[in-house]
Amino acid sequence: MKLLLTGLSHKTAPVHLREKLAIPEAGLPNALRELQNMGASEAVILSTCNRVEIAVTSLDHEEPGAVVERFLKEWQGSAAAFEGHLYRLEAREAIQHVFRVAASLDSMVVGEPQVLGQLKSAYAVAKAEGAVGGLLETVLTRAFGVAKRVRTETGIGQMAVSVSYAAVELARKIFGSLQGHTVMIIGSGKMGELAAKHLHRSGAKRIIVTNRTWERAQEMAAVFNGHAVEYTRFAAMLPEVDIVIASSGAPHYILTRDDMHRVIAARKNKPMFLIDIAVPRNIDPAVNEIEGVFLYDVDDLEGVVNANIQERTKQAAQAEVIVTDEVERMMSRLKLEEVTPTIISLQEQLEEIRAAEVARTIRRMPPLTLDQQQQIEAQIEAMTKSIVNKIAHGPISELRRNAGQPEGVQVIDAIRKVFHLQE
Amino acid sequence: MAESSLLWLRVAAGLYSIGLLDAIVTVLRRRESLFRVAFAAFGIGALFQLVSIVEQGLVQHHFPANDFFETMSLCAWVVTAAFLGIYWRYKAESLSVFVFPLVFVMTMVAALRNPVARWSSESVRSTWLIVHIVLAVLGYAALLFTAVAAVAYLMQERQLKKKQTLSFYRLLPPLGMLDELISRSLGAGFVFITISIIIGSVWAYIEYGTSWIDNGLITTSFITWGIYLALIFFRVSAGWRGRKAAILAIIALFCSAVTWIAHSQLERRLIQ
C-alpha cells in the first residue's frame, strides 16, 4: 500500500493560491468519489483557510502521484498553477506531516485547537463516503491520539496568544472560576468590548457598562444583557466589581491610587483585576502597588502574550519529540503489518504438510492397544511440531528483520517462492 | 469562691457558649444568622458574670481580683463590657468573631476553680484525652495547610503583580481557589482547636484540680489559640490576605510547633 500526501499551506503558498485550490465543504463528497474513481484506494481532503491537503493511498502497483495529478487537472484546471507551492510527501514523511498537523505544530499559531477539529470533520466526511478503511484510516485515527497526547503532555495549547484572551487567562489566575464575578466596562473602546465578550463567555455574567454618552452605555449593556450606569456614579459602584476594563478616551487618570485604596478597603481586601487598555491610560499605574489590586495595561498584556508565544515554542520542541516517537511506532507497526500475511501463510503451509504426513504415518502403523496408540500419536505430534517450528524460525525472523527495508521486498519474494506460498 | 458566685459564673459561661457557636458558624459558613441570639445571650451572660463578680467581692470583703481565676473572670467581663460599649457606639458586629470565643474561653477557665468531680471510669478519662489530642492534631494539620496555601497565595500574588508568567507559577492554583482553601482550612482548624482546648481544659481541671493553670507549658497552647483567633478575626473582619495573612499563619504555625513540643513535656511536669 502506498501513501501520498499532496497539498499547500500558509507556509508554502499565499492566500490567492490557497483559495484557488480550496474545495468547499459541500463539494468534498464528490471530490472524494472522483479520487476513488481515478484509482485511489482511500482518500481524505483537508481544506481550511490555512491549508488544502489531499491524502490518498493506492495499491502497490498503482502510482498515487498520477492519481492526484489527474484529479488536480480535472478539478482545478491544472496542477502547474500550484507548482513550486505544492508539497508531495510519501510514506513516513506523510505520516509525520499528518501527526504534526493534528498536533497543531504546523499551524500559523502553534497550538491552536481548531485544526484538530477540522481534521476530524475531514475524516468524518471521508468515512461517511466510504473513502477510508485501511492504511489512511489507521494513520488518521492515530493522529488524533497523537494530538491528544501532545495536548496532555505539553502545555502547548494552554497559553493565551491574543491580548483579549490573555486578559481572560489572567482573570482566571486571579479568581479561579469567573462564575458569579462582576465586570465593569468603562468607555467603549473596541478592544475593551472584545475582552468583555471573552470574559462574559467564560462565565462572568454580570456586566456593568458606563460611558460619558448615556446612549452608548445602554447600547453596549444591551449586547451583554448587563446594565448601564451613569458615568458620575461608576466610582461608587466599584466595590462590588471584580474586573474593570477601562478603555475610555479620557485624557487623564479616571482612577487614582487614593480612589482604589478606598475601593479595596470597602471590598475587605478582596482582589480586583484592572485592565487598562486605553491610550492614554485611564488608571494611575501606582494603583498596582496596592495589595490585592492587579493592574495590567496594554503593554503588560502584550508582554504576557509574547511570553506565552515563547513558552509555546518551547513546548512545541517537546511536542516534536512526541511526534517523532509516534511516527517510529507507527512505522514499525506498519512494517509488521506488511510481512504478517507472509508469515501467516508460511505457518499455514508448513502446518498443512505436517498434519498430512502425521495422518499418513498413523494410518500405516501396525495394530496397537488403544493406550499405546495414543502414546505414540502424542509423541509424533510433539516431534513434528518441534521440527516445523525450528524450520519456520529462520525464515520468520528473516521476514521480520527485513520488513520495511529497501531490499525487504526481494527477501519476502524469495521466501514466498522457496516455500511455494500462494499470493 | 462562693458557691452561688461560681454558679452565676457558670451560667454566664453557658450563655457565652452561644457566642462561640455564632463565631464558628460565621467562620465556617460566612453568614451571621445567629448573631442576634448570640448577642442577646452575650448581654445576659454579662449580667450574670457581673453578679458573680460583685457577690464574690462582697463575700470575700475585697476587690475580686485576688487570684488567677478571679482576675480571669474580671478580665473577661471587662472585655465583654468593652465590646458591648463599642457595639452600642459603632455597631462593630465583625468584632464578635474575635470577642465571643475569647470571652467564652476566659470565663470557662475562670469557672474551673473548685474541683467538682472525679472520673467515673478510666476509659472515660482516656477517651476524653484522646478526643482532645485528635482534635488538636486535626487543628494543627489544618493550620499547616493554611500556612502552605497562604505562602502559595503570596507567591502567586507576587507573580501576578510583577506581570511575569514563569512556567513554575502556572502550576500554582488561582488566587481565588487558594483564598477559598485558606478560608476553609482556617475555619475547620479553628473549630478543631477551640473544641480541643475546651476539652483539654476540662480534662486538666478534673485531673489536676487547679494546679495546671499557672503552668507555662499550658499557657503556650492558649497563646497559640489566641493567635489563631486573631488570624480568624483579621480575615473575617478586615479580609486579610496576601503577605499579612501569610505571616500571621506562619507565626501561628510556629506557636503550634512550640505548643506541641511543650505538650510532650507536660505529662512529666504535671506529675512532678
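These numbers were taken from a predicted model, which means no experiment stands behind them.

Peer 1: Hey, could you go over the interface of chain B and chain A for me, with residue numbers and the actual values?
Peer 2: With 23 residues of chain B at the interface, the matching set in chain A holds 26 residues. Buried surface at the junction of chain B and chain A, summed over both partners, amounts to about 1900 Å²; 48% is from carbon and sulfur atoms. Inspection of the region where chain B meets chain A yields one salt bridge. The shortest N-O distance in the salt bridge between D300 of chain A and K163 of chain B comes to 2.7 Å. Where chain B meets chain A, there are nine residue pairs in polar contact (both at pLDDT 80 or more). Looking at the side of chain B that touches chain A, the elements with two or more residues in it are α5 (122-162), α6 (167-170), α7 (175-208), α8 (216-238) and α9 (242-271) of chain B. Looking at the side of chain B that touches chain A element by element, the count peaks at five residues for α5 of chain B.

Peer 1: Tell me about the pattern of salt bridges, residues and numbers included.
Peer 2: Residue and element names in this part refer to chain A. In this structure the tally under the stated criterion is 33 salt bridges over all chains. A salt bridge links R51 to E53, with the nearest nitrogen and oxygen atoms 3.1 Å apart. Owing to a relative accessible area of 2%, R51 belongs among the buried residues under this scheme. In this structure, E320 engages R100 in a salt bridge whose closest nitrogen and oxygen atoms are separated by 2.8 Å. In this pair, E320 is assigned in helix α12 (residues 298-363) and R100 in helix α4 (residues 91-102), connecting sequence segments 220 residues apart.

Peer 1: Give a description of unusual backbone geometry that names residues and reports values.
Peer 2: Residues and elements named next belong to chain A. Omega for the bond connecting V279 with P280 falls within 30 degrees of zero, at 0 degrees, which places this linkage in the cis form. Of note, the phi angle at N225 is positive, near 60 degrees, even though the residue is not glycine. In this fold, N225 is placed in the loop between α9 (214-224) and β7 (227-230). Positive phi, close to 65 degrees, is recorded for N269, a residue that is not glycine.

Peer 1: Tell me about the side chain of R312 of chain A, and name the residues and values.
Peer 2: All names here are of chain A. You can see R312 is positioned in helix α12. For the buried R312, no salt bridge is present, and the opposite-charge side chain at shortest range is E169, 7.0 Å distant. Residue contacts for R312: discarding those within four places in its chain leaves V109, V110, G111, E112, I156, G157, M159 and V161.

Peer 1: Outline the sheet that holds β7 of chain A, listing residues and values.
Peer 2: Residue and element names in this part refer to chain A. Taking strand neighbours across the sheet as the criterion, the six strands line up as β7-β6-β5-β8-β9-β10 in an open arrangement whose pairing is parallel. The open sheet terminates on both sides in strands that have one partner only, identified here as β7 and β10 (293-297). Taken pair by pair, the neighbouring strands of this sheet meet at an average axis angle of 20 degrees, ignoring direction. Pairing analysis gives four bridges linking strand β5 (residues 182-186) to strand β8 (residues 243-246), with the strands arranged parallel. Opposite M184, over in β8, you have V244 as the bridge partner. Across the sheet, α9 is in contact with β5, β6 (206-211) and β7; its angle to β6 comes to roughly 165 degrees. Sitting on the sheet, helix α11 (residues 257-266) is in contact with β9 (272-276) and β10, with an inclination near 150 degrees to β9.

Peer 1: Help me get a handle on the packing of aromatic side chains, residues and values and all.
Peer 2: Residues and elements named next belong to chain B. Across all of its chains, the model carries 18 aromatic pairs over all chains by this definition. Each ring, one from F83 and one from F100, has its centre 5.6 Å from the other, and the planes form 75 degrees; the classification is edge-to-face. You can see F83 sitting in helix α3 (residues 68-90) and its partner F100 sitting in helix α4 (residues 96-111), a full 17 residues away along the chain. Taken individually, F83 and F100 each receive the classification buried, so the pair is uniform in this respect.

Peer 1: Lay out the nonpolar core with the relevant residues and their values.
Peer 2: Residues and elements named next belong to chain A. Counting 91 residues, the largest nonpolar core has I243 and F273 as its most contacted members. Setting aside its immediate chain neighbours within four residues, F273 contacts A167, L170, A171, I174, F175, D242, I243, V244, F294 and Y296. Judged by nonpolar contacts, the second largest core, of 64 residues, contains L3, I45, F71 and A102.

Parameters at a glance
Residues numbered from 1 in each chain as written. Chains lettered and ligands numbered in written order. Predicted model: local features only at pLDDT ≥ 70, side-chain atom pairs only at ≥ 80, totals over all residues. Heavy atoms only, no water. Contact = heavy atoms within 4.5 Å. Buried area = accessible area lost by both parts, 1.4 Å probe. Salt bridge = Lys/Arg side-chain N within 4 Å of Asp/Glu carboxyl O. Polar contact = N/O pair within 3.5 Å; in protein donor to acceptor, adjacent residues only side chain to side chain. Helix = DSSP H or I, 4+ residues; strand = E, 2+ residues; numbered from the N terminus. Buried < 20%, exposed > 50% of the residue type's maximum accessible area, 1.4 Å probe, protein only. Lys, Arg positive; Asp, Glu negative; His and termini not counted. Pairing = 2+ DSSP bridges. Axes fitted to C-alpha atoms, helices over the stretch in contact; angles between N-to-C directions. Phe/Tyr/Trp six-rings, centres within 6.5 Å; stacked < 30°, edge-to-face > 60°. Core = buried A, V, L, I, M, F, W, Y, C linked by side-chain atoms within 4.5 Å.

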